Amino acid sequence: MPDRFVQEGTAPPRSGAPPDMEMVAELERVRQRDPEALAAFFELYFDRVYGLVYRLLGDRVQAEDMAQEVFLKVHRAADRIDPMRDPIPWLMTIAHNACRDLWRSNAWKLTRRSASLDGDSPLAETLTPGTNDPERDLIASERERLVQEALQRLSEPLRVAIVMHDYQGLGHDEIAAITGINHAAVRKRYSRALAALGRLLKDSLA
Amino acid sequence: MNGERPDLVTPEAARAREALRALAPPRPDPAFRERLKRDFVAGHIGERRTLVLPIPGRRRLAWRLALAPAALVLLAVAAWLANRGPGWSVMTTRGEGSAIVDGAPVPLASREQLGRRLRPGARLTVPAGAEVELASISGLVVQVTAGTEFTLPATPGRWLQRRVTGAVRHGEVRVTTGHAFAGALLRLDTPEAAVEVTGTTLAVICEPTGTCVCVYDGVVRVGPRGSGMVGVPNGRRRFVFNDGRPPESAEIRPMENTKLARFRDSRREWLEGAAR
């Protein structure tokens, strides 16, 4: 198994890039649900999936549940992976669809209605990697909390557009393919999301 | 508007974008991550832990389909109950002794007990020297005189089943109606005649030779049973013979006119109240 594949945080090949034959071979093994290949796949993509669903849902418990659901779907659909293509858009599509289904569910609406705001403050401390500078850690933690809260105040389509573009680094065309809307609409949503986020954070980031 | 062109991005939006891009990756609970990886590799990954999934559309549809007949039945029962007219109540009793209701004696002094027994279809016999007045707030008062055997009609429904039927076997009943009775129809059958009442005051008298119908006000349709009916206006009476002779019409009997006038006047106020 190539080191690059198993190393956590290694950037996957971008869409449109020529397929790496070692990666193709690994994805082929994932297709066959080879345990080693599945473990490597998980290591490579878990953080990315978790990061997306956490930023979209804004809640650690919900994000863990959602990540579990996404990997359940991945396991079930592993035989449909195209080894010749970057699996990131496929994973992001699964994650986005799962979040969208959740947002549409009555369970989510009930959860939102009864959600407590108290749980997120200590959570922020655990989410930000610590440094040796406590003051810097505190500022980073507070900034993260503010941004996360502002994201949650955006409508779900706007949140998807800005998180996928600015946090996940996806292009508008990729987001369009993932969300199933056209490119122009994605750009428009992104612009609106960015303007709204700027307004929400205007005072706190000044 | 283009979100990627710097000249179109406001300073606060640019700061927000930088803050978002600078966010550190969230760190899940290491134990959760390890467990999920183990389950994913082993293929034992489960459904989401805490979220309550909504009932899938098909199951919800099945529930709705299953509950629909019950809802329809409930709706029908509610409509039937709402439509059902108020029952008969005993307005007054005069005389002593007991009336016979469906073969069982009921003391005339006990109006409450009598009222409980007098359901639509009940056969009421009033003893000699007595009188019973029944009322329904659907605008109907029936005076059952001494020696009469009367089968109670249902009271008219509020919207449906506004046509009701009773019977007089022998004796005399007087009927008067109020505004609340408008649109309803009471049919009274005697051994030889049929009487249709839509809004009037009248008496139906069963005599040894036939049935006499005296009309005090309004118009009543009268005829031999199973034969054509004619309208009898106020101040007139019609006699239907039981020996096959053709019916005859004449002026209302003066005595009956007086009794009907008194009956009508005594119940006018109550009937107008019932209409409100």
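These numbers were taken from a predicted model, which means no experiment stands behind them. (Residues numbered from 1 in each chain as written. Chains lettered and ligands numbered in written order. Predicted model: local features only at pLDDT ≥ 70, side-chain atom pairs only at ≥ 80, totals over all residues. Heavy atoms only, no water.)

## A short note on the overall build of chain B
The criterion, for reference: The helix count covers DSSP runs of H or I at least four residues long, the strand count covers runs of E at least two residues long, and both are numbered beginning at the N terminus. The buried label applies to any residue whose accessible area, calculated with a 1.4 Å probe on protein chains only, is under 20% of its type's maximum; exposed applies above 50%, and partly exposed to all values in between. Using the Shrake-Rupley algorithm and a 1.4 Å probe, accessible areas are obtained, with residue cover drawn only from the displayed protein chains.
Counting secondary structure elements, chain B contains five helices and 16 strands. Burial statistics for chain B: of 276 residues in total, 43% are counted as buried. A total accessible area of about 14,500 Å² is found for chain B, and carbon and sulfur atoms account for 56% of it.

## A look at the overall build of chain A
Under the convention used in this document: When checking whether two residues touch, look at their non-hydrogen atoms; a contact exists if any pair is within 4.5 Å.
In terms of helices and strands, chain A carries 11 helices and zero strands. Helices (α) and strands (β) of chain A occur, in sequence order from the N terminus, as α-α-α-α-α-α-α-α-α-α-α. When the 206 residues of chain A are sorted by exposure, 50% land in the buried category. Expressed as a percentage of contacts within chain A between residues at least 6 apart in sequence, the contacts between residues at least 24 apart total 69%. Total accessible area on chain A is roughly 9,700 Å²; 50% of this is exposed by carbon and sulfur atoms.

## Quick notes on the interface of chain A and chain B
Filter applied, for reference: When two parts are brought into contact, each loses some accessible area as probed by a 1.4 Å sphere; the total of that loss over both is the buried area. The salt bridge criterion pairs a side-chain nitrogen of Lys or Arg with a carboxyl oxygen of Asp or Glu, the two atoms within 4 Å. Here a polar contact is recorded for every N or O atom pair within 3.5 Å, except that within protein the pair must consist of a potential hydrogen donor and a potential acceptor, and residues adjacent in sequence are included only if both atoms are side-chain atoms. Residue polarity is assigned by list, with Asp, Glu, Lys and Arg as charged and Ala, Val, Leu, Ile, Met, Phe, Trp, Tyr, Cys and Pro as nonpolar; anything else, Gly included, falls into the polar class.
Each partner contributes to the interface: chain A provides 57 residues, whereas chain B provides 38 residues. Together, A:F42, A:D65 and A:Q68 form the three largest contributors to the area buried by chain A at its contact with chain B, with a combined 14%. One salt bridge in this structure joins B:R21 and A:D166, with 2.8 Å as the shortest N-O distance. On the surface where chain A and chain B come into contact, there are nine residue pairs in polar contact (both at pLDDT 80 or more). It is helix α4 (residues 60-76) of chain A that contributes the most residues to the side of chain A that touches chain B, 14 residues altogether. By residue class, the composition of the side of chain A that touches chain B is 29 nonpolar, 13 polar and 15 charged.

## A short note on the pattern of salt bridges
Residue and element names in this part refer to chain B. Considering all chains together, one arrives at 32 salt bridges over all chains under this definition. Across the pair R267 and E133 runs a salt bridge, and its minimum N-O distance is 2.5 Å. Of this pair, R267 sits in helix α5 (residues 254-275) while E133 sits in strand β5 (residues 131-136), placing them 134 residues apart in sequence. Two residues, E256 and R174, come together in a salt bridge whose shortest N-O distance is 2.8 Å. Of the two residues, E256 sits in helix α5 while R174 sits in strand β8 (residues 163-177), which places them 82 residues apart along the sequence. Taking the relative accessible area as the measure of exposure, R174 reaches 5% and is therefore buried. Salt bridges sharing partners connect three or more residues here, namely R163, R187, D189, E196 and R221.

## A short note on the pairing of strand β13 (residues 220-224) of chain B
Put simply, side chains in a regular strand alternate between the two faces of the sheet. Residues and elements named next belong to chain B. The condition is simple: Being paired, for any two strands, means DSSP has found at least two bridges between them.
Bridge analysis of strand β10 (residues 193-197) against β13 gives five bridges, and the strand direction is antiparallel. Among the inter-strand pairings, A194 is bridged to a residue of β13, identified as G223. With three bridges joining them, β13 and strand β14 (residues 230-232) adopt antiparallel strand pairing. Among the inter-strand pairings, V220 is bridged to a residue of β14, identified as V232. Hairpin connection from β13 to β14: five residues lie between these consecutive antiparallel strands, with G226 at a positive phi of about 80 degrees.

## Here's the deal with the environment of A:K188
Within the secondary structure layout, A:K188 lies in helix α11 (residues 183-205). For the pair formed by A:K188 and A:A161, sequence separation is 27 residues and the distance between their alpha carbons is 9.1 Å.

## Thoughts on helix α2 (residues 30-42) of chain B
Formally: Any helix carries an expected span of 1.5 Å times its number of residues minus one.
The end-to-end C-alpha separation of α2(B) is 18 Å, in line with the 18 Å expected for 13 residues at 1.5 Å each. Looking at α2(B), one finds that the buried residues are B:F32, B:R33, B:L36, B:K37, B:D39 and B:F40. Tucked inside the fold, the buried residues of α2(B) contact α3 (35-57) and α4 of chain A. In the segment just after α2(B), B:G43 is the residue with positive phi, at about 75 degrees.

## Regarding α3(A)
Residues and elements named next belong to chain A. What counts here: Bend at a given residue is defined as the angle between two axes, one fitted to the seven residues that end at that position and one fitted to the seven that begin there.
The sharpest bend along α3 reaches about 45 degrees and sits at Y45. With 20 of its 23 residues buried, α3 lies for the most part within the structure. Its side-chain oxygen at 3.0 Å from the backbone nitrogen of E36, D34 defines the N-terminal cap of α3.

## Notes on the packing of helix α9 (residues 156-167) of chain A against α11(A)
Residue and element names in this part refer to chain A. For clarity, the cut-off: Axis definition: a line fit to C-alpha positions, over the contact stretch in the case of helices; interaxial angles, taken between N-to-C directions, run 0 to 180 degrees. The scheme is simple: roughly parallel for angles under 35 degrees, roughly antiparallel for over 145, roughly perpendicular for 65 to 115, oblique for anything else.
Interhelical geometry of α9 versus α11 gives an angle of 90 degrees and a closest axis separation of 8 Å. Our classification of the angle between α9 and α11 gives roughly perpendicular. Here α9 contributes P157, L158, A161, I162, H165 and D166 to the contact with α11, which in turn contributes V186, R189, Y190, R192, A193, L194 and L197. Among the residues making up the contact of α9 with α11, the classes are represented as nine nonpolar, one polar and three charged.

## Here we look at the side chain of B:E131
Residues and elements named next belong to chain B. Inspection of the secondary structure puts E131 in strand β5. Overall, the relative accessible area of 16% leaves E131 in the buried class. Here Q143 takes part through its side chain, which lies 3.3 Å from a polar atom of the side chain of E131. In this structure E131 touches T92, T93, R94, V126, Q143, V144, T145 and R174, once residues within four positions along its chain are discounted.

## Description of the packing of aromatic side chains
The description of an aromatic ring pair rests on the distance of the ring centres and on the angle between the ring planes. Rules: Stacked, edge-to-face and tilted are the three classes for Phe, Tyr and Trp ring pairs, Trp counted by its six-membered ring, which pair at centre distances within 6.5 Å; planes under 30 degrees apart are stacked, over 60 edge-to-face, the rest tilted. Definition used: whenever NZ (Lys) or CZ (Arg) falls within 6 Å of the ring centre and also within 35 degrees of the ring normal, the charge is taken to sit over that ring.
Overall, the coordinates contain 11 aromatic pairs over all chains when judged by the stated rule. For the ring pair A:F71 and B:F40, a centre distance of 5.2 Å and an interplane angle of 85 degrees mean the geometry is edge-to-face. One end of the pair, A:F71, is in helix α4; the other, B:F40, is in helix α2, on a second chain. Exposure remark for A:F71: the relative accessible area of 0% places this residue in the buried category. Since its relative accessible area comes to 0%, B:F40 is described here as buried. On the numbers, 4.8 Å between centres and 50 degrees between planes, the contact of B:F239 with B:F241 is tilted. The class for B:F239 is buried, based on a relative accessible area of 7%. Put simply, the rings of A:F41, A:F42, A:Y45, A:F46, A:Y50, A:Y54, A:F71, B:F32 and B:F40 touch in pairs and so form one group of aromatic residues. Above the plane of the ring of B:F241 lies B:R245, whose end atom (NZ or CZ) is 3.8 Å from the centre.

No statement about biological role is implied by the geometric values presented.
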